[in-house]
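Structural features, examined
Residue strings, one per chain:
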Amino acid sequence: MHAFFHTKAAQRRSLWAAADRARAPRPCLMQLTVDAASVTELRALVVRTCGDAMEFMRVEACDHGARVKVWLCLSLALAGQVMEAVMRALPGAEFGRMTALARGGV
């Protein structure tokens, strides 16, 4: 048997996996700044909006702990929904850069 031999089922699975990766939404890194007291509300809002689609959330204190910088890694499509929800719930939030990331594993 050849070292690169695959059964028909394995070949179909690998084609489906490649198709799923091609259709996967492109992730982006979204930066925003909020009051330190609003971090819990922001996290709940993002989880409610994105669910499991959020890759990660990084929080860093700034302005002597009065405000925090937040980085969210999520799909570009969800970023608009998150921005809208944050603007409604946290009017003091400041939006920073939004950077498109390369797709992993493709």
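Residues numbered from 1 in each chain as written. Predicted model: local features only at pLDDT ≥ 70, side-chain atom pairs only at ≥ 80, totals over all residues. Heavy atoms only, no water.

**A word on helix 2 (residues 39–50)**
What sets the pattern is the α-helix's 3.6 residues per turn: residues three or four places apart point alike. Here helix 2 is twelve residues long and its end C-alpha atoms lie 16 Å apart, about the 16 Å a rise of 1.5 Å per residue gives. By the burial criterion, the buried members of helix 2 are Val-39, Leu-42, Leu-45, Val-46 and Cys-50. Burial along helix 2 is one-sided: seen end-on, the buried residues are contained in an arc of 125 degrees. Turned more than 90 degrees from where helix 2 packs its buried face, Thr-40 and Arg-48 sit exposed. Remark: Gly-51 follows helix 2 within two positions and exhibits a positive phi of approximately 65 degrees. (Helix = DSSP H or I, 4+ residues; strand = E, 2+ residues; numbered from the N terminus. Expected span 1.5 Å × (residues − 1). Buried < 20%, exposed > 50% of the residue type's maximum accessible area, 1.4 Å probe, protein only. Arc of directions from axis to C-beta.)

**Side note on the pattern of salt bridges**
Scanning the entire structure with this criterion turns up four salt bridges. Asp-35 is the partner of Arg-67 in a salt bridge, and the nearest nitrogen-oxygen pair spans 2.7 Å. Taken together, the residues Arg-67 in strand 3 (residues 67–75) and Asp-35 in strand 1 (residues 27–35) connect sequence positions 32 residues apart. Given a relative accessible area of 36%, Asp-35 falls into the partly exposed group. Between Arg-58 and Glu-60 there is a salt bridge, and its shortest N-O distance comes to 2.9 Å. A relative accessible area of 33% places Glu-60 in the partly exposed class. Several salt bridges converge on common partners, so that one network encompasses Asp-35, Arg-67 and Glu-94. (Salt bridge = Lys/Arg side-chain N within 4 Å of Asp/Glu carboxyl O.)

**A closer look at the sheet that holds strand 1**
Spatially, four strands are ordered 2-3-1-4 in an open sheet, and the strand pairing comes out antiparallel. On the outer flanks of this sheet lie strand 2 (56–62) and strand 4 (94–100), each paired with one strand and no other. Between one strand axis and the next, the sheet turns through 15 degrees on average, direction left out of account. As paired elements, strand 1 and strand 4 share five bridges and run antiparallel to each other. Note that in strand 4 the partner of Leu-32 across the bridge is Phe-95. On the sheet, helix 3 (residues 76–89) packs against strand 1, strand 3 and strand 4 and is oriented at approximately 145 degrees with respect to strand 3. (Pairing = 2+ DSSP bridges. Axes fitted to C-alpha atoms, helices over the stretch in contact; angles between N-to-C directions. Contact = heavy atoms within 4.5 Å.)

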